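# Close look at the chain arrangement
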Amino acid sequence: MILDDLATVLQTAGVGTIGVSLFKGGVPLDNPLTGVQDTLVALIEVPGLPPVHVHTMQAATYEQPVVQIVTRGIPYGYAAARTLAQKAFNALDGLANAEHSDGTVYLWVQALQSPFFLRWDELARPLIGFNIRCAKSISL
């Protein structure tokens, strides 16, 4: 799955630890019983582009999923959240010909824009995001 693959890339680059500060599928809800986690990175699938068909082949050659990367910082900690987003951006943008353990190949990963401010949450924590577009081989 794409979120697993990209999370592995980010963890390897030192952006976060999967399940601790790096989350797949969305920004986790705060749990008042276990404490509030401020700094984190979330990978969120968003609508992508259609699969690419080559010549007269009926089956698509590769998919073009889009994933939004969102970082969150400590209250009023815009600079640190922006720096974390840039670190994730640098780890993902330009990735090419990357094969993962399940045999999936990412022909390329391209950022659609630089990290940008999304909003402040209810605890004054900044959310910074950017979107990446991938060319992902289709498993047969």
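Source: prediction; values computed, not measured.

### With respect to the overall build of the chain
- A tally of helices and strands in the chain yields two helices and seven strands.
- Secondary structure elements of the chain occur, N-terminal to C-terminal, as α-β-β-β-α-β-β-β-β.
- Since a compact globule built from 140 residues should have a radius of gyration of about 14 Å, the 16 Å found for the chain is in line with a globular shape.
- Within the chain, buried positions represent 40% of all 140 residues.
- Taking the intrachain contacts of the chain between residues at least 6 apart in sequence as the baseline, contacts between residues at least 24 apart amount to 58%.
- Summed over all atoms, the accessible surface of the chain reaches about 7,600 Å², with 58% contributed by carbon and sulfur.
- Treating the 8 positive side-chain charges of the chain as one cloud and the 11 negative ones as another, the clouds have centres 6 Å apart.

### Details of the side chain of Asn131
- Residue position: Asn131 is located in strand β7 (residues 126–137).
- Overall, the relative accessible area of 14% leaves Asn131 in the buried class.
- Here Gln68 takes part through its side chain, which lies 3.4 Å from a polar atom of the side chain of Asn131.
- Beyond its immediate stretch of four places on either side in the chain, Asn131 contacts Val46, Val66, Val67, Gln68, Gln110, Ala111, Leu112 and Gln113.

### Description of the packing of helix α1 (residues 2–12) against helix α2 (residues 78–92)
- Following both chains from N to C, one finds α1 and α2 inclined at 110 degrees, their axes separated by 9 Å at the closest point. Comparing their axes, α2 and α1 come out roughly perpendicular. For the pair α1 and α2, the sense of crossing is right-handed. Packed against α1, whose contacting residues are Leu6, Val9 and Leu10, the element α2 presents Ala88, Ala91 and Leu92 at the interface.

### A few points about the pattern of salt bridges
- Summed over the entire model, instances satisfying the criterion amount to seven salt bridges.
- When the shortest N-O distance is used, the salt bridge between Asp30 and Arg72 registers 3.5 Å. On the criterion of sequence distance, the pair formed by Asp30 in the loop between β1 (22–24) and β2 (40–52) and Arg72 in strand β3 (residues 62–72) is long-range, its members being 42 residues apart.
- Put simply, Glu122 and Arg125 hold a salt bridge, and the shortest N to O gap is 3.8 Å.
- Residues participating in the shared-partner salt-bridge network are Asp30, Asp38, Arg72, Asp121, Glu122 and Arg125.

Reading the values: the criteria
Residues numbered from 1 in each chain as written. Predicted model: local features only at pLDDT ≥ 70, side-chain atom pairs only at ≥ 80, totals over all residues. Heavy atoms only, no water. Helix = DSSP H or I, 4+ residues; strand = E, 2+ residues; numbered from the N terminus. Rg over C-alpha atoms; globule rule 2.2 N^0.38 Å. Buried < 20%, exposed > 50% of the residue type's maximum accessible area, 1.4 Å probe, protein only. Contact = heavy atoms within 4.5 Å. Areas by Shrake-Rupley, 256 points an atom, 1.4 Å probe, with all protein chains shown as cover. Lys, Arg positive; Asp, Glu negative; His and termini not counted. Charge placed at Lys NZ, Arg CZ, Asp CG, Glu CD. Polar contact = N/O pair within 3.5 Å; in protein donor to acceptor, adjacent residues only side chain to side chain. Axes fitted to C-alpha atoms, helices over the stretch in contact; angles between N-to-C directions. Parallel < 35°, antiparallel > 145°, perpendicular 65-115°, else oblique. Left-handed = near helix turned anticlockwise from the far one by under 90°. Salt bridge = Lys/Arg side-chain N within 4 Å of Asp/Glu carboxyl O.

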